Amino acid sequence: MCDRVMRVFSGIQPSGNLHLGNYLGAIVNFVELQDANQCIYCVVDLHSITVWQDPEKLKRNIHEITAGFIASGLDPKKSIIFNQSSVQEHAELSWLLNCVARVGWLNRMTQFKEKAGKNKEKMSVGLYTYPVLMAADILAYKATHVPVGEDQKQHIELSRDIAQKFNIDFHDRILEITAKDEFFVLPEPMITGPVTRVMSLRDGQKKMSSSELSDMTRINLLDTADQISNKIKKAKTDSEAIPEKMIEIGDRYELINLLSIYAGISGQRKEDVLSEFSGKQFSYLKEALTDLLVQKICPIGNEMNKIIDEKEYLGNILQEGAKKARAIAHPVLEETKKIIGLA
Ligand code: AQP
């Protein structure tokens with residue numbers, strides 16, 4: 001790997017409903033990064049089973065994410081694309097890192113608290129240790145940069161803490177075995193997309209999410225033009241006029257969300273979008289946003305629908321990707337074991 005090139009790793013869960021948040025918060029950046037960097041993109045199926053997944057649907061969901069990657073512009077010749085469970089190094093490194101991470105660190109993870117709510121006792125242990133598997137995903141490749149939406153910031157920080165503790169705890173062994181001061185690279189989060197946090201269409205203070213029960217809260221990449229139109233029409237708004245300046249928006253979260261989505265899709269600044277719509281009715285903004293989404297998202301959905309059933313094509317991409325991924329992750333795992341004293 002050339003020193004100036006970033007090694008990029010990121011993943012998306014095959015939990016169904018690939019949505020606009022995944023697209024604007026993550027996939028758009030994945031595509032942009034692939035030309036100038038070494039990029040590794042993973043369908044993180046082991047993460048998805050931390051909550052119940054229908055076994056009959058899981059395989060198709062893995063193919064759906066892969067199709068979503070390709071339809072959005074990822075090129076398997078430029079990026080390594082694979083699914084997590086086919087590279088066993090992730091799970092094995094995860095165990096080793098479980099023994100480095102501290103319970104107190106995991107107790108602070110807000111995503112677990114949000115997802116578990118009052119049912120903490122009934123959640124899978126996997127959901128609790130999810131961030132350690134995520135650290136293993138990243139550290140197995142010594143990735144320097146991790147493009148993610150804002151919701152994943154805390155998990156990347158935990159990955160850095162785990163890498164740093166390992167580097168400190170085993171410093172002398174690392175020096176002896178690798179002749180270097182540090183073994184794991186501390187990964188940098190890249191939270192830089194056009195919209196780092198896309199919010200629910202029904203509640204501007206809640207993240208757009210694949211696990212939200214109501215489909216009306218999100219735009220899925222596989223939505224038809226009619227579905228998009230219906231969801232935007234019914235998206236929550238308020239009764240006030242659209243103001244002239246960003247500073248006047250205050251806590252009108254739903255308006256901020258619609259403007260952000262518009263800006264993210266059109267590539268404009270939020271301020272410019274606002275001045276285009278200030279003084280106008282919400283219905284005018286909603287119609288324009290619908291047109292924009294249909295223009296941008298429907299072609300991706302159509303392409304996904306075209307390739308989603310090409311099982312051999314998608315299977316080959318994942319298999320080839322897994323081989324390339326394994327070639328990087330295996331030596332890292334072996335060296336980690338040697339440093340710990342296991343090999
Ligand atoms: N609403 C969002 N805005 C911006 N980025 C988002 N991401 C997810 N939701 C938003 C980013 O997408 C990438 C993949 O995330 P994931 O694997 O957690 O995908 P998901 O299961 O679809 O995530 P959800 O929708 O948030 O589902 P739940 O609520 O079940 O976990 C990540 O980079 C993430 O930041």
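For the structure itself, look to the data block above.
Residues numbered from 1 in each chain as written. Predicted model: local features only at pLDDT ≥ 70, side-chain atom pairs only at ≥ 80, totals over all residues. Heavy atoms only, no water.

Enquirer: Got a minute to help me understand the overall build of the protein chain in this structure?
Expert: Counting secondary structure elements, the protein chain contains 14 helices and 5 strands. Expected size for 343 residues packed as a compact globule is a radius of gyration near 20 Å; at 21 Å, the protein chain falls within 12% of this value. Judged by the C-alpha coordinates and their principal axes, the protein chain covers about 70 × 45 × 45 Å. When each of the 343 residues of the protein chain is scored for burial, the buried share is 49%. Counting only contacts in the protein chain whose residues sit at least 6 apart along the sequence, the fraction spanning at least 24 positions is 76%. Accessible area for the protein chain stands at about 16600 Å²; split by element, carbon and sulfur atoms hold 49% of it. Distance between charge centres in the protein chain, computed from 43 positive and 46 negative side chains, equals 2 Å. (Helix = DSSP H or I, 4+ residues; strand = E, 2+ residues; numbered from the N terminus. Rg over C-alpha atoms; globule rule 2.2 N^0.38 Å. Buried < 20%, exposed > 50% of the residue type's maximum accessible area, 1.4 Å probe, protein only. Contact = heavy atoms within 4.5 Å. Areas by Shrake-Rupley, 256 points an atom, 1.4 Å probe, with all protein chains shown as cover. Lys, Arg positive; Asp, Glu negative; His and termini not counted. Charge placed at Lys NZ, Arg CZ, Asp CG, Glu CD.)

Enquirer: Just to check I follow, could you spell out the pairing of strand β2 (residues 38–43) for this structure?
Expert: The side chains of a regular strand alternate, residue by residue, between the two faces of the sheet. Counting buried positions over the 6 residues of β2 gives 5, a clear majority of the element. In this sheet, β2 lies alongside strand β1 (residues 7–12) in parallel orientation, the contact comprising 6 bridges. What sits directly across from Arg7, in β2, is Gln38. In the classification by handedness, the crossover that spans β1, the intervening helix α1 (residues 20–33) and the parallel β2 is right-handed. The sheet contact formed by β2 and strand β3 (residues 79–83) spans 5 bridges and is parallel. Residue pairing for β3: Tyr41 is matched across the bridge by Ile81. (Pairing = 2+ DSSP bridges. Right-handed = clockwise from strand over helix to strand, strands pointing away.)

Enquirer: I tried to follow the nonpolar core on my own but got confused; where do I start?
Expert: Buried together is how nonpolar side chains tend to be arranged in soluble globular proteins. In terms of nonpolar packing, the biggest core is built from 59 residues, with Leu20, Phe69, Leu285 and Leu293 touching the most fellow members. A per-element tally of this core places helix α13 (residues 282–307) first, with 10 residues. Mapping this core onto the domain boundaries places at least three of its residues in each of domain 1 (7–197 + 311–340) and domain 2 (215–306). Ignoring any residue separated from it by four or fewer positions in sequence, one finds Leu293 in contact with Leu20, Ile219, Ile228, Ile232, Ile261, Ile265 and Cys298. Core analysis: the second largest hydrophobic core is formed by 42 residues, Ile80, Ala136, Phe183 and Val332 among them. (Core = buried A, V, L, I, M, F, W, Y, C linked by side-chain atoms within 4.5 Å. Domains from an automatic or database assignment.)

Enquirer: In this structure, what is going on with the site of the ligand? I would like to understand it.
Expert: Looking at the ligand, there are 22 residues lining it, with His19, Lys115, Asp151, Lys207 and Ser210 nearest. At 2.9 Å, a backbone N or O of Gln13 approaches an oxygen atom of the ligand. In this structure, a nitrogen atom belonging to the ligand sits 2.9 Å away from a main-chain N or O atom of Met208. For the ligand, the protein covers 95% of the area, taking 630 Å² as the surface of the free molecule. Of all elements in the fold, only β1 and α1 reach the threshold of two or more residues within the shell around the ligand. The dominant element in the shell around the ligand, judged by the number of residues it contributes, is α1, at 4 residues. A class-by-class count of the residues in the shell around the ligand yields 5 nonpolar, 13 polar and 4 charged. (Near = heavy atom within 4 Å. Polar contact = N/O pair within 3.5 Å; in protein donor to acceptor, adjacent residues only side chain to side chain. Nonpolar A, V, L, I, M, F, W, Y, C, P; charged D, E, K, R; others polar.)

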